[in-house]
Amino acid sequence: MKQESWFRPYVTANFWRFLLIVVLGVLTILFAGMLMFTSGYLISKSALRPENILMVYVPTVGVRTFGIGRAVVHYVERLVGHDSILRILSQMRLRLYRILEPQALRLSSRYRTGDLLGVLSDDIEYLQDVYIRTVFPSIVALVLYAGIILAVGQFDPAFALLLALYVAVLILVLPLISLLLTKRKNREMKQARNNLYQKLTDAVLGIHEWYVSGRQTEFLAGYEADEAEVDRTDRSLKRWSRLRGWIGQCIVAVTVVSMVYWSGRQYADGSMDVTLIAAFVLVVFPLMDAFLPVSEAVERIPQYGQSVARLKGIESADESDEKQAPLQLLNNEETEAVIRGGVHVKADGIMFSYDRAAAGSFALEPVGAGEAGHTLTEVSLDIPPRAKVAVIGRSGAGKSTLLQLIQGVLAPSSGSLTLGGVEAARFGDEISSVIAVLNQSPHLFDTTLANNIRLGRPEATEEEIRDAAAMARLEPLVASLPGGLDTRMQEAGQRFSGGERQRVALARILLQDTPIVILDEPTVGLDPITERELLSTIFSSLQNRTLIWVTHHLVGVEQMDEIIFMEHGRIAMRGTHDELMRHYPRYQQLYRLDSPEL
């Protein structure tokens with residue numbers, strides 16, 4: 001059985017630090033207890049009106065010593081504790097980044113990005129709380145529990161047993177009940193809140209559609225009902241928390257009364273000085289402060305367990321991929337050699353299906369994994385350098401999966417896909433030197449137009465940036481801007497139209513200068529005139545590159561060397577435009593539907 005890897009290694013590596021934190025935690029409570037003990041003794045002794053101030057000098061010094069000492073020890077405990085945990089947290093974050101970064105494209109193509117960001121932002125933070133709020137307080141409470149019972153047992157075993165029962169309710173019975181009651185409700189509430197967040201996000205993004213349809217009231221009513229259900233669950237948890245607190249305070253009160261009775265009996269029997277009655281009673285309060293938080297600490301355990309399960313699942317998925325396809329990635333020099341030799345794209349009978357088991361291992365639902373069977377079946381391609389190929393088909397035909405295989409984001413279940421004779425997955429991060437992608441919504445940053453283009457090649461000169469802008473036919477736009485290429489584009493490039501944003505992204509790709517360019521439906525949402533103008537610019541500026549153009553419809557496909565029509569993960573038709581028009585009546589009909597002027 002594989003050892004737990006998100007706790008044990010860090011505990012082993014920081015064992016002496018953790019031991020010091022526990023010792024300091026115990027000392028903090030003991031100093032607080034002794035502060036109250038000496039204070040009670042000093043008050044009682046002073047009430048007897050001693051004949052000389054020297055008779056209370058020692059307890060006076062004790063009060064000052066334990067008061068200052070408690071603050072100092074508590075500060076050192078917090079300092080050492082947070083320093084240790086922040087070091088561990090930094091190591092965990094770095095470890096998670098190293099797990100996610102190499103497979104970022106694959107994960108983002110298969111899983112909801114929000115889920116992955118949730119892992120990064122929440123789960124690691126929860127592991128910090130494991131130590132600060134659960135492990136250390138619980139260990140300190142157990143150490144004090146054993147020490148107190150043993151110490152009292154030296155004087156009165158029967159009373160020690162009674163105290164053991166009282167404290168056991170605080171550190172054993174209430175935590176267990178709390179864990180059992182809140183485990184299911186916390187899980188339900190977390191899921192409900194996630195659903196609420198998703199629903200609200202969808203509504204905000206689609207607020208225009210809600211407004212146009214006139215269904216704002218319907219949405220608000222449904223959202224408020226769901227929120228009320230979450231609120232009811234939250235209130236039930238809070239009611240239990242208040243009840244638990246009340247039970248805890250009752251236990252403290254009973255303990256105080258029992259201590260008063262026991263110390264009074266000890267004084268009556270002549271076993272204790274009267275000045276120690278208040279001392280023993282007051283010492284109960286700081287000691288109980290160590291026991292009361294244990295219930296809250298224990299009820300967090302299921303939350304930690306869910307976080308660890310997701311982290312282990314991501315790690316297992318990464319290790320599983322490495323075991324299934326151990327690849328030696330190309331370095332920069334090897335990638336350059338492949339590019340110089342000409343990048344021939346060749347797929348030989350590739351098949352692919354999403355692995356549900358890998359997704360289930362860390363409770364994230366894979367995107368596109370809902371359909372049974374293979375997403376791609378026996379797909380073969382032969383795209384020589386500088387060839388122009390269009391891949392068409394309706395949504396769900398397998399076009400996007402094919403693109404991800406070509407980019408090395410996914411590995412085929414069977415068959416082979418090579419770029420220049422090398423498996424696509426072997427390029428790793430170097431794939432950006434081989435393939436550039438112009439997709440439906442390229443992201444443009446809130447910086448200058450020049451900087452957005454420069455993203456294609458950060459070391460590019462100003463002249464090279466201007467040449468790329470000219471090739472993308474951006475000169476009229478640049479001339480109309482107040483600052484030219486130094487004009488800021490505003491958030492997501494909203495200053496410009498859809499066609500202009502695509503031309504900026506095209507200039508970025510021209511500057512990147514890769515031998516292969518993938519066009520992933522770059523004209524979606526553009527009017528017909530803008531679409532044709534943009535396609536004309538793309539084809540003319542990229543005429544010396546290999547083009548793989550994925551599209552839903554057939555405007556402009558006449559300029560392609562080969563057209564591949566995909567359906568249900570298979571290639572249903574292939575050939576040049578003229579060949580398909582001659583031999584496939586279905587293609588003729590589709591082409592006429594997309595070109596009504598014909």
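Preceding block: the structure.
Residues numbered from 1 in each chain as written. Predicted model: local features only at pLDDT ≥ 70, side-chain atom pairs only at ≥ 80, totals over all residues. Heavy atoms only, no water.

**Q** Describe the overall build of the chain, listing the residues and the values that go with them.
**A** Looking only at helices and strands, the chain features 22 helices and 10 strands. Nonlocal contacts in the chain, meaning residues at least 24 apart in sequence, comprise 77% of its contacts between residues at least 6 apart. Approximately 31700 Å² of the chain is accessible, and the part contributed by carbon and sulfur atoms is 58%. (Helix = DSSP H or I, 4+ residues; strand = E, 2+ residues; numbered from the N terminus. Contact = heavy atoms within 4.5 Å. Areas by Shrake-Rupley, 256 points an atom, 1.4 Å probe, with all protein chains shown as cover.)

**Q** Tell me about the nonpolar core, and please be specific about residues and values.
**A** One finds Y131, L144, Y145 and F291 to be the most contacted residues of the largest nonpolar core, which totals 54 residues. Among the secondary structure elements, those contributing two or more residues to this core are α2 (15-47), α3 (57-100), α5 (113-153), α6 (157-205), α8 (216-268), α10 (284-291) and α11 (294-298). If one sorts the elements of this core by residue count, α5 sits on top with 11 residues. For F291, the contacting residues outside a window of four places in its chain are A141, L144, Y145, I148, V167, L170 and I171. Grouped together as the second largest cluster of nonpolar side chains are 46 residues, A505, V517, L554 and I563 included. (Core = buried A, V, L, I, M, F, W, Y, C linked by side-chain atoms within 4.5 Å. Buried < 20%, exposed > 50% of the residue type's maximum accessible area, 1.4 Å probe, protein only.)

**Q** Explain the packing of aromatic side chains to me, and be specific about the residues and the numbers.
**A** This model, assessed by the stated rule, comprises eight aromatic pairs. Their ring planes at 80° and their centres at 5.1 Å tell us that F15 and W16 sit as a pair that is edge-to-face. Judged by relative accessible area, which is 43%, F15 ranks as partly exposed. In this structure W16 comes out as exposed when scored by relative accessible area, which is 66%. Between the aromatic rings of F159 and W262, the centroid separation amounts to 4.8 Å while the plane-to-plane angle is 5°, which identifies the pairing as stacked. Within this pair, whereas F159 is found in helix α6, its partner W262 is found in helix α8, the two being separated by 103 residues in sequence. This pair shows no difference in class: F159 is buried, exactly as W262 is. One aromatic cluster in this structure is built from F37, F159, W262 and F280. (Phe/Tyr/Trp six-rings, centres within 6.5 Å; stacked < 30°, edge-to-face > 60°.)

**Q** Which residues make up helix α13 (residues 332-340), and what are the values?
**A** The N-cap residue of α13 is N331: its side-chain oxygen and the backbone nitrogen of E333 are 3.2 Å apart. Immediately beyond the C-terminal end of α13, within one or two residues, lies G342, with a positive phi of roughly 90°. (Polar contact = N/O pair within 3.5 Å; in protein donor to acceptor, adjacent residues only side chain to side chain.)

**Q** Lay out a nonpolar patch on the surface with the relevant residues and their values.
**A** Taken together, the side chains of F15, W16, L19, V23, L27 and L30 define a hydrophobic patch exposed on the protein surface, amounting to about 580 Å² of accessible area. Here L27 shows up in helix α2. (Patch = residues over 30% accessible without salt bridge, like charges linked within 9 Å, V, L, I, M, F, W, Y side chains within 5 Å. Salt bridge = Lys/Arg side-chain N within 4 Å of Asp/Glu carboxyl O.)

**Q** Could you give an account of the packing of helix α19 (residues 498-512) against helix α20 (residues 528-541), naming the residues involved and the relevant values?
**A** In contact at an axis separation of 11 Å, α19 and α20 are set at 5° when each is read in the N-to-C sense. Considering the angle they form, α19 stands roughly parallel to α20. Taken together, the residues of α20 that come into contact with α19 (itself represented by G499, Q502, R503, L506 and L510) are T530, E533, L534, T537, I538 and S541. Here the residues of the contact of α19 with α20 sort into four nonpolar, five polar and two charged. (Axes fitted to C-alpha atoms, helices over the stretch in contact; angles between N-to-C directions. Parallel < 35°, antiparallel > 145°, perpendicular 65-115°, else oblique. Nonpolar A, V, L, I, M, F, W, Y, C, P; charged D, E, K, R; others polar.)

**Q** Before we move on, can you summarise the environment of M566 with the specific residues and values?
**A** Along the chain, M566 falls in strand β9 (residues 562-567). Relative accessible area serves as the criterion here: at 1%, M566 is assigned to the buried category. Taking the C-alpha atoms as reference, M566 lies 9.9 Å from S395; in sequence the two are 171 residues apart. Setting aside residues up to four positions removed in sequence, M566 forms contacts with L376, V379, V391, I392, G393, A397, G398, K399, L402, I571 and A572.

**Q** With reference to specific residues and values, describe the sheet that holds strand β10 (residues 570-575).
**A** Read across the open sheet, the six strands follow the order β6-β7-β8-β3-β9-β10; overall the sheet is mixed. The sheet is open, and its two borders are formed by β6 (435-438) and β10, each paired with just one other strand. Across the sheet, the axes of successive neighbouring strands diverge by a mean angle of 20°, strand direction being ignored. Lying on the sheet, helix α15 (residues 399-406) is in contact with β3 (388-392), β6, β7 (516-520), β8 (546-551) and β9; it crosses β8 at an angle near 155°. Across the sheet, helix α22 (residues 585-594) is in contact with β3, β9 and β10; its angle to β9 comes to roughly 100°. (Pairing = 2+ DSSP bridges.)

**Q** Account for the sheet that holds strand β5 (residues 422-423), naming residues and giving values.
**A** Across the sheet, four strands lie side by side as β2-β1-β4-β5; this open sheet has antiparallel pairing. Lying at the two open borders of the sheet, with one neighbouring strand each, are β2 (376-383) and β5. Pairing of strand β4 (residues 414-419) with β5, which is carried by two bridges, proceeds in the antiparallel orientation. Note on β5: the bridge partner recorded for T418 is E423. On the sheet, α15 packs against β1 (345-352), β2 and β4 and is oriented at approximately 55° with respect to β2.

**Q** Describe the environment of V252, with residues and values.
**A** Residue placement: V252 occurs in helix α8. Between the alpha carbons of V252 and L292 there is a distance of 9.1 Å; along the sequence they are 40 residues apart. In contact with V252, other than residues within four places in its own chain, are F285, M288 and L292.

**Q** Let's hear about the pairing of β8: which residues, and what values?
**A** Buried residues dominate β8, accounting for six of its six residues. Going residue by residue along β8, you find T546, I548 and V550 tucked away on one face and L547, W549 and T551 tucked away on the opposite face as well. Two strands pair when backbone bridges link them, and β3 and β8 are joined in this way by five bridges, in the parallel orientation. Paired with K388 across the strands is L547, a residue of β8.

**Q** Break down the pattern of salt bridges for me, with residues and values.
**A** Applying the stated criterion across every chain yields a total of nine salt bridges. As a salt-bridge pair, R457 and E464 come within 3.3 Å of each other at their nearest N and O atoms. A salt bridge links R586 to E567; the shortest N-O distance between them is 2.7 Å. With R586 in helix α22 and E567 in strand β9, the pair connects residues that are 19 residues apart, well separated along the chain.

**Q** Pulling in residues and values, what's your account of the side chain of T418?
**A** Along the polypeptide, T418 turns up in strand β4. Setting aside anything within four residues of it in sequence, one finds T418 in contact with H344, V345, K346, E423 and A424.

**Q** Give me the lowdown on unusual backbone geometry, citing residues and values where you can.
**A** Of note in this structure, R473 is not a glycine but carries a positive phi near 60°. Here R473 lies in the loop between α17 (462-471) and α18 (475-480). Overall, R473 belongs to the partly exposed group, its relative accessible area being 44%. Notably, D513 is not glycine yet its phi reads approximately 55°, a positive angle. Tracing the sequence through the fold places D513 in the loop between α19 and β7.

Function cannot be inferred from these measures alone, as they are strictly geometric.
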